[in-house]
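The chain contents come next:
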Amino acid sequence: MTAPSPLTTPRPRTGRRAAAALVLLVGCLALQPGAEAATPAATQAVPAAAVPDLGREILAADDGWAAEGAGTTGGSAADDAHVFTVRNRAQLVAALDGGSSVPKIIRIAGTIDANTDDQGRALDCDDYATDGYDLPAYLAAYDPRTWGGAKPSGPQEDARKASAARQAERVELRIGANTTLVGLGRSAVLKGASLQVRDADNVIVRNVELRDAYDCFPVWQPNTGGLGDWKTAYDTLWLRGATHVWVDHVTASDKGRPDEKEPTYFGRNYLRHDGLLDITNGSDLVTVSWSRFQDHDKAILIGNGDTVTTDRDKLRVTLHHNEFDAVVQRAPRVRFGQVHLYNNRYVVPEDAAYRYSVGVSTESRIVAENNSFTTPGHIEVADLLKSWNGSALAQSGNEFNGFPVDLLAIYNAYNSGSERDLTADVGWTPTLHGTVGSAAGAATDVARDAGAGRAG
Ligand code: CA
């Protein structure tokens with residue numbers, strides 16, 4: 001592959017990085033008692049320490065925006081007392097330690113369902129419902145034909161909120177600073193959870209499938225988009241005020257419960273899922289690599305409001321070698337951020353719902369290089385981008401159904417006129433990145449190696 005997931009010890013460059021490398025070295029020596037470092041061991045069995053320990057790995061130097069400054073080492077420096085293997089929600093919650101900043105490595109073994117009680121018993125939406133919440137009663141109370149366009153209020157909305165709070169208490173799991181959350185082996189799954197990194201620095205999430213952050217209690221928002229819409233609460237991973245975050249070899253999807261199978265109420269799809277990865281509110285210096293985002297509507301939101309001007313000069317994110325498969329929109333949608341989007345693979349299956357791939361919004365400055373788009377015949381190049389009050393996007397080396405394509409020129413040529421043309425002047429040039437390979441070569445590598453269970 002052209003830019004493998006880093007499995008070798010990176011060059012120490014900074015204090016934090018050097019400290020982490022020292023820990024790695026000491027760890028290796030400690031695990032090989034009696035080994036003579038200077039003696040080649042060609043005839044000896046490979047020691048256990050030679051098997052990559054994903055939990056101890058750190059982001060390679062220069063691997064995207066999360067490598068800026070002190071880099072991203074997560075919990076790699078954890079002492080032995082803070083290395084946990086967790087097999088159920090209760091153990092995971094205990095290891096997360098309320099989002100503490102103590103360096104820690106948390107290894108997920110097998111499948112963990114966030115919708116469980118402290119005894120490990122599965123909880124469903126009926127278990128959370130309280131204060132008389134009842135969906136038919138809710139629909140009857142807030143039907144726009146009788147309720148009108150006001151925000152829902154009254155007994156059923158109060159009951160919905162109380163019920164939602166009970167689910168949130170179970171499924172919202174906070175990851176603190178200096179933490180690595182990593183799947184053990186090839187089949188680690190976290191179901192139903194909304195992982196949240198809030199106001200924390202230096203976090204790594206790797207090699208885990210994040211599945212079906214299902215909201216039991218969507219709220220009706222009468223005026224969203226003019227028609228009203230159902231709003232759901234949970235992103236599978238939400239970075240809010242988070243800095244130095246590396247997301248790698250993660251698979252995130254609605255697997256098992258697609259929104260398209262949900263009914264329609266008030267003329268709108270009763271959505272159960274929000275974002276797969278939302279990066280908002282002052283988050284900065286994020287690298288998302290070798291991950292798979294699939295079977296979902298709104299995949300990645302970077303910047304959640306045109307008026308959140310405190311996000312200016314933040315939201316710097318690198319997305320490389322990721323797959324977006326059967327994603328309807330937001331891959332990603334960007335406000336304010338300097339986003340480097342390279343060597344990603346986009347696949348729109350025949351008959352899949354689709355709106356656009358890359359959303360260019362307020363003050364965003366995206367550099368899109370050598371990405372590969374594969375779509376059915378009814379989707380055109382001009383559909384790949386969408387602008388809302390966006391101004392700039394630099395691009396080169398992208399391919400559409402196997403042919404080189406100039407995304408910017410075609411967007412501008414086919415722009416309906418409702419938006420101004422985009423310029424190529426984004427005002428910055430990415431410097432923190434690995435090899436930028438050809439779109440076609442990267443697509444092959446990504447199809448083979450991206451996603452949970454494929455690290456190392
Ligand atoms: Ca969200």
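Refer to the structure printed above.
S.K.: Any chance you could break down the pattern of salt bridges for me, citing the residues and the numbers?
M.R.: This structure, assessed with the given rule, holds 22 salt bridges. With its nearest N and O atoms 3.2 Å apart, the salt bridge here joins R272 to E262. Residue R272 is located in the loop between β16 (268–269) and β17 (277–280), and its partner E262 is located in the loop between β14 (251–253) and β15 (264–265); the two are separated by ten residues in the primary sequence. Among the ionic contacts, a cluster of salt bridges with common partners joins R89, D118, E169 and R170.

S.K.: Please give an account of the sheet that holds strand β25 (residues 345–347) that cites residues and values.
M.R.: On the basis of which strands lie adjacent, the open sheet formed by ten strands has the order β3-β6-β9-β14-β19-β22-β25-β28-β31-β32 and mixed pairing. For this open sheet the edge positions go to β3 (111–113) and β32 (403–404), each flanked by a neighbour on one side alone. Sheet topology note: the strand β31 (residues 399–400)/β32 ladder contains two bridges and is antiparallel. Its bridge partner being in β32, F400 is matched across the sheet by F403. The strands touched by helix α8 (residues 439–449) are β19 (292–298), β22 (323–329), β25, β28 (372–374) and β31; relative to β25, the strand with the most contacts, the crossing angle is about 75°.

S.K.: Kindly report on empty space enclosed by the protein, identifying the contributing residues and their values.
M.R.: The final tally for this structure, using the stated rule, is three cavities of 30 Å³ or more. Estimates place the volume of the largest cavity at around 50 Å³. Contributing to the lining of the largest cavity are F324, V327, A331, Y346, V347, V348, Y354 and S357. Elements with a minimum of two residues in the lining of the largest cavity: β22 and β25.

S.K.: An account of the packing of helix α4 (residues 135–142) against helix α6 (residues 155–171) is requested, with residue identities and associated values reported.
M.R.: Two numbers describe how α4 lies on α6: the axes approach to 9 Å, and their chain directions differ by 135°. Judged on the interaxial angle alone, α6 and α4 are oblique. Considering the relative orientation of α4 and α6, their crossing is left-handed. Contacts between α4 and α6 pair A137, Y138, A141 and Y142 from the former with P155, Q156, E157 and R160 from the latter.

S.K.: For the sheet that holds strand β4 (residues 172–174), give the residues involved together with the corresponding values.
M.R.: Across the sheet, eight strands lie side by side as β4-β7-β12-β17-β20-β23-β26-β29; this open sheet has parallel pairing. Since the sheet does not close on itself, it has two edges, and those belong to β4 and β29 (385–387), each with one partner. Where strand β26 (residues 358–360) and β29 come together, three bridges link them in parallel fashion. Bridging from a neighbouring strand, G359 pairs with K386 of β29. Across the sheet, α6 touches β4 and β7 (194–198), and the angle it forms with β4 is around 40°.

S.K.: Could you give an account of helix α2 (residues 89–96), naming the residues involved and the relevant values?
M.R.: Of the positions making up α2, those classed as buried are R89, L92, A95 and L96. What you see down the axis of α2 is that its buried residues fit within an arc of 130°, all on one side. If you check the start of α2, you find a side-chain oxygen 3.2 Å away from the backbone N of A90, and it comes from N88. D97 sits one or two residues past α2 and shows a positive phi near 60°.

S.K.: How would you explain the packing of aromatic side chains if you had to name every residue and give the values?
M.R.: Under the criterion given, the structure shown has 16 aromatic pairs. Centre to centre, the rings of W220 and W230 are 5.1 Å apart; their planes meet at 55°, and the pair counts as tilted. Taken together, the residues span a long stretch of sequence, with W220 in strand β10 (residues 219–221) and W230 in strand β11 (residues 229–231) at a distance of ten residues. Judged by centre distance (4.9 Å) and plane angle (85°), the ring pair of W230 and Y270 falls under edge-to-face. With W230 in strand β11 and Y270 in the loop between β16 and β17, this pair connects stretches of sequence that are 40 residues apart. We note that W230, like Y270, is buried. Among the aromatic residues, those joined into a cluster by ring pairs are Y133, Y138, Y142, W147, F217, W220, W230, Y265, F266 and Y270.

The rules behind each value
Residues numbered from 1 in each chain as written. Predicted model: local features only at pLDDT ≥ 70, side-chain atom pairs only at ≥ 80, totals over all residues. Heavy atoms only, no water. Salt bridge = Lys/Arg side-chain N within 4 Å of Asp/Glu carboxyl O. Helix = DSSP H or I, 4+ residues; strand = E, 2+ residues; numbered from the N terminus. Pairing = 2+ DSSP bridges. Contact = heavy atoms within 4.5 Å. Axes fitted to C-alpha atoms, helices over the stretch in contact; angles between N-to-C directions. 1 Å grid on protein atoms, 1.4 Å probe; cavity = no way out; pocket = protein on both sides within 12 Å on 5 of 7 lines; lining within 4 Å. Points joined across faces, edges and corners; volume = space filled by probe spheres on them. Parallel < 35°, antiparallel > 145°, perpendicular 65-115°, else oblique. Left-handed = near helix turned anticlockwise from the far one by under 90°. Buried < 20%, exposed > 50% of the residue type's maximum accessible area, 1.4 Å probe, protein only. Arc of directions from axis to C-beta. Polar contact = N/O pair within 3.5 Å; in protein donor to acceptor, adjacent residues only side chain to side chain. Phe/Tyr/Trp six-rings, centres within 6.5 Å; stacked < 30°, edge-to-face > 60°.

None of the figures reported here should be taken as evidence of function without further support.
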